[in-house]
Amino acid sequence: MTENERKELADLLYPNLEHDIAYYESRYPERDLPEGAMVTRYAPSPTGSVHLGNLLSAFADMVYARQSKGSFYLRIEDTDQKRMIEGGIENITGVLHDFDILPNEGFSFGGIYDPYIQSERTEIYQTYIKDLIIRGLAYPCFMTEEEIQNIREEQEINKTKIGIYGVYAVDRDLSLDEVKERIANGQEYVIRLKSPGDANKEIEVVDCIKGKMKFPEHNVDTVLLKKDGTPTYHFAHAIDDHLMHTTHVIRGDEWVSSLPLHHQLFEILGFEPVKYAHIAPITIKDQETGNIRKISKRKDPWFGVKYYDENGIPIEALHLYLATITNTNFEEWYLNNPDKDIFDFEFSFDKQAIGGTSFDEAKLVNLCKTYFSRKSGEEVFNETHAWALKHDPEYAKLLDENKDDMIKFFSIEKDGPRPRKDISKYSEVREEFSYAIDSLFEKEAYAKFDGDKTYDTDLVLDYVNNVLNLDVENEEWFNSIKEFAAANGYAASPKDYKNNPDAYKGHVGDICEAIRVMITGRLKSPDLFSIMKILGKTRIIDRINLYKKLK
Ligand code: GLU
């Protein structure tokens, strides 16, 4: 086709476009940002529920943009209308809010590069396609599914590259009359790239994470617009990332193989190339086979983000975990910088794992424990309460009713260089602190304590009634219980007892154990005297009597 014919064709296919390319180029101006600012985007397709891998890439988008004083925006890629799920878009925005990975711009967040949803940008894509058609870089292709399938089978048999290219691209050089005739006959068509690539030549792409990569040039006439006139991911991403002035496309590495195509699209469209950062998948060691595999929806509870919400993994702790996956040196930094915020850390693509990063539940739990240990009693209360309102309203009510006590319980052993590490999720608090609320304690009391030892309730009652003074410091209390032990045939220290076991009934630790079991229903608890102080004498005595009754 001559250039004039191509123009005629382009007008025939797109007679009513409101604007031209120049309009869009000025409608979406360069961003006014400081040198080195990164513009990143989270560009999900609402075709399934959000998973940990999505959260990881959105998190990376957020930290890189924020630390470079750039912009992080949300773009909904809803070009595959057939695979859209109901509520998919609301789910995406809901997750970003729930997990506090908030874009500063984008779909539902606003901004001048709108609309940030691809289904509302069809005209823009068509405007650029029209130009490619005029320039002889795209063409309508009328091949049927069946024809394409036959070619595919032939290519599989011949073990040649799959796709519509070279001799297989039968509609590449149709004449204008042929195209007109087919359109007049109502034949459906897609718009394909007229790829200028030569597979015998190589291109080099530098990925921010993976480094230099070489590929054969793209030479397939890939579909750019589908039969319904909407774009494929490849084309839409090139147009949008260009017009929205993305600097870094951070995405899953399942897209690496599309790089030659994307590289070519940017080139023929005359766009300044974006930088790509392909994130390795999160892997896991398969329980059954022992092999390393991608984390999976079917097999791993940690895959879907619902898990983190339902179990009450604190959002900030999950951010810490995502940060450890994002940069291999983050965890050490965090442990050495207890007073700093995630955003004080300098994230860098160089410190991003190239191969898969394995999901490590123990690490997540440990980070969560460290997180909780660094929170004040009041913060633990507020956060647990907020979680319980959504997931365990009965417990939220109990927390409200016992607020002062609960904050005190949550504050035990928080001071000092090694704060207590007990809980790792909000969902554990109810059980872990069940002794803190009378009604919960009474319900379960000693049910979980299956020690077969019985303890001397009379001795403990005698101690509580006649000796225990709750208004003293820990050390004084401990001295007094040692004295009580000695006066009642117990050694004042485990060492004395060990040296001469026959001379004693036990040692002071055994009396403490008896008290602990009676008032908490367990053998291990935070500092005993602190618990006693919060409970007060009456409740301590009630519990000893309960123990007497039940055991
Ligand atoms: N819509 C694509 C997906 O959900 C996004 C890939 C990208 O970030 O460019 O897989």
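Every value quoted in this text rests on a predicted model; they were computed, and no experiment measured them. (Residues numbered from 1 in each chain as written. Predicted model: local features only at pLDDT ≥ 70, side-chain atom pairs only at ≥ 80, totals over all residues. Heavy atoms only, no water.)

A. Inspection of the overall build of the protein at higher detail. Of the regular secondary structure elements, the protein holds 23 helices and 13 strands. By its C-alpha atoms, the protein is 110 × 50 × 40 Å across when sized along the principal axes. Buried positions account for 50% of the 551 residues belonging to the protein. The contacts in the protein between residues at least 6 apart in sequence include a share of 73% that link residues at least 24 apart. For the protein, the accessible area works out to roughly 27100 Å², and carbon and sulfur atoms hold 47% of it. (Helix = DSSP H or I, 4+ residues; strand = E, 2+ residues; numbered from the N terminus. Buried < 20%, exposed > 50% of the residue type's maximum accessible area, 1.4 Å probe, protein only. Contact = heavy atoms within 4.5 Å. Areas by Shrake-Rupley, 256 points an atom, 1.4 Å probe, with all protein chains shown as cover.)

B. Focus on the side chain of Gln-352. By the element assignment, Gln-352 lies in the loop between helix H12 (330-336) and strand S13 (357-358). A distance of 2.8 Å separates polar atoms of two side chains, one belonging to Gln-352 and the other to Tyr-64. Gln-352 has contacts with Tyr-64, Ile-209, Ile-279, Thr-326 and Asn-327, leaving out every residue within four places of it along the chain. (Polar contact = N/O pair within 3.5 Å; in protein donor to acceptor, adjacent residues only side chain to side chain.)

C. Molecular detail of the site of the ligand. Looking at the ligand, the residues that line it are Arg-41, Ala-43, Pro-44, Ser-45, Glu-77, Tyr-233, Arg-251 and Trp-255. Taking Arg-41, its side chain carries an N or O atom lying 2.7 Å from an oxygen atom of the ligand. Separating a nitrogen atom of the ligand from a side-chain N or O atom of Ser-45 is a distance of 2.9 Å. Protein coverage of the free-state accessible area of the ligand, which is 290 Å², stands at 81%. (Near = heavy atom within 4 Å.)

D. Highlighting the sheet that holds strand S11 (residues 282-285). What the three strands build is an open sheet, ordered S12-S11-S13; its pairing is mixed. Each having just a single partner strand, strand S12 (292-294) and S13 make up the two edges of the open sheet. With three bridges joining them, S11 and S12 adopt antiparallel strand pairing. Across the sheet, residue Thr-283 finds its bridge partner in S12, namely Lys-294. (Pairing = 2+ DSSP bridges.)

E. Examining the packing of aromatic side chains more closely. This model, assessed by the stated rule, comprises 34 aromatic pairs. Judged by centre distance (5.9 Å) and plane angle (80°), the rings of Phe-266 and Phe-271 are edge-to-face. On the accessibility criterion, Phe-266 (4% relative accessible area) is buried. For the pair Tyr-307 and Tyr-308, a centre-to-centre distance of 5.2 Å together with 85° between the ring planes defines the contact as edge-to-face. Among the aromatic residues, those joined into a ring-pair cluster are Phe-59, Tyr-64, Phe-330, Trp-333, Tyr-334, Phe-345, Phe-347 and Phe-349. The ring of Tyr-334 has Arg-374 sitting right over it, with the charged end atom 4.5 Å from the ring centre. Between Arg-543 and the ring centre of Phe-441, over which it is positioned, the NZ or CZ distance is 4.0 Å. (Phe/Tyr/Trp six-rings, centres within 6.5 Å; stacked < 30°, edge-to-face > 60°. Lys NZ or Arg CZ within 6 Å of the ring centre and 35° of its normal.)

F. Expanded view of the pattern of salt bridges. This structure, assessed with the given rule, holds 36 salt bridges. Between Glu-428 and Lys-425 there is a salt bridge, with the nearest N and O atoms lying 3.9 Å from each other. In this structure Glu-428 comes out as partly exposed when scored by relative accessible area, which is 25%. Relative accessible area serves as the criterion here: at 15%, Lys-425 is assigned to the buried category. Within this structure, Arg-41, Arg-75, Glu-77, Arg-121, Asp-240 and Asp-241 form a network of salt bridges that share partners. (Salt bridge = Lys/Arg side-chain N within 4 Å of Asp/Glu carboxyl O.)

G. View of the environment of Ile-412. Position of Ile-412 among the secondary structure elements: in the loop between helix H16 (403-411) and helix H17 (429-432). The class of Ile-412 is buried, set by a relative accessible area of 7%. If near-sequence neighbours (up to four positions away) are discounted, Ile-412 is found in contact with Arg-420, Pro-526, Asp-527, Ser-530, Ile-531 and Ile-534.

H. Inspection of the sheet that holds strand S5 (residues 190-193) at higher detail. Taken together, three strands build an open sheet; the order of strands is S4-S5-S8 and the sheet is antiparallel. Because the sheet does not close on itself, it has two edges, and the strands there are strand S4 (138-141) and strand S8 (223-225). The mean angle between the axes of side-by-side strands here comes to 45°, regardless of whether they run parallel or antiparallel. As paired strands, S4 and S5 are joined by four bridges and run antiparallel to one another. Its bridge partner being in S5, Pro-140 is matched across the sheet by Ile-191. (Axes fitted to C-alpha atoms, helices over the stretch in contact; angles between N-to-C directions.)

I. Seen up close, the packing of helix H15 (residues 393-401) against H16. Where H15 meets H16, the closest approach of the two axes is 5 Å, and the angle between their N-to-C directions is 95°. With respect to H16, the element H15 is oriented roughly perpendicular. Side by side, H15 and H16 meet where Tyr-395, Leu-399, Asp-400 and Glu-401 of the first sit next to Lys-403, Met-406 and Phe-410 of the second. Here the contact of H15 with H16 is composed, by residue class, of four nonpolar, no polar and three charged. (Parallel < 35°, antiparallel > 145°, perpendicular 65-115°, else oblique. Nonpolar A, V, L, I, M, F, W, Y, C, P; charged D, E, K, R; others polar.)

J. Summary view of the side chain of Arg-41. In this structure, Arg-41 sits in strand S1 (residues 39-42). Arg-41 sits in the buried class, given a relative accessible area of 3%. Excluding residues that lie within four positions of it along the chain, Arg-41 makes contacts with Asp-61, Phe-72, Tyr-73, Arg-75, Tyr-233, His-237, Asp-241, Thr-246, His-248, Val-249 and Ile-250.

K. Examining unusual backbone geometry more closely. A cis amide bond, omega -5°, links Asp-114 with the succeeding residue Pro-115. Tracing the backbone shows Pro-115 in the loop between strand S3 (105-106) and helix H5 (122-134). A positive phi angle, near 55°, is found at Asp-100, a position not held by glycine. With respect to the helices, strands and loops of the structure, Asp-100 is situated in the loop between helix H4 (88-98) and S3. At Glu-413, a residue that is not glycine, the phi angle is positive and equals roughly 55°. Positionally, Glu-413 belongs in the loop between H16 and H17. By relative accessible area, which is 36% here, Glu-413 ends up partly exposed.

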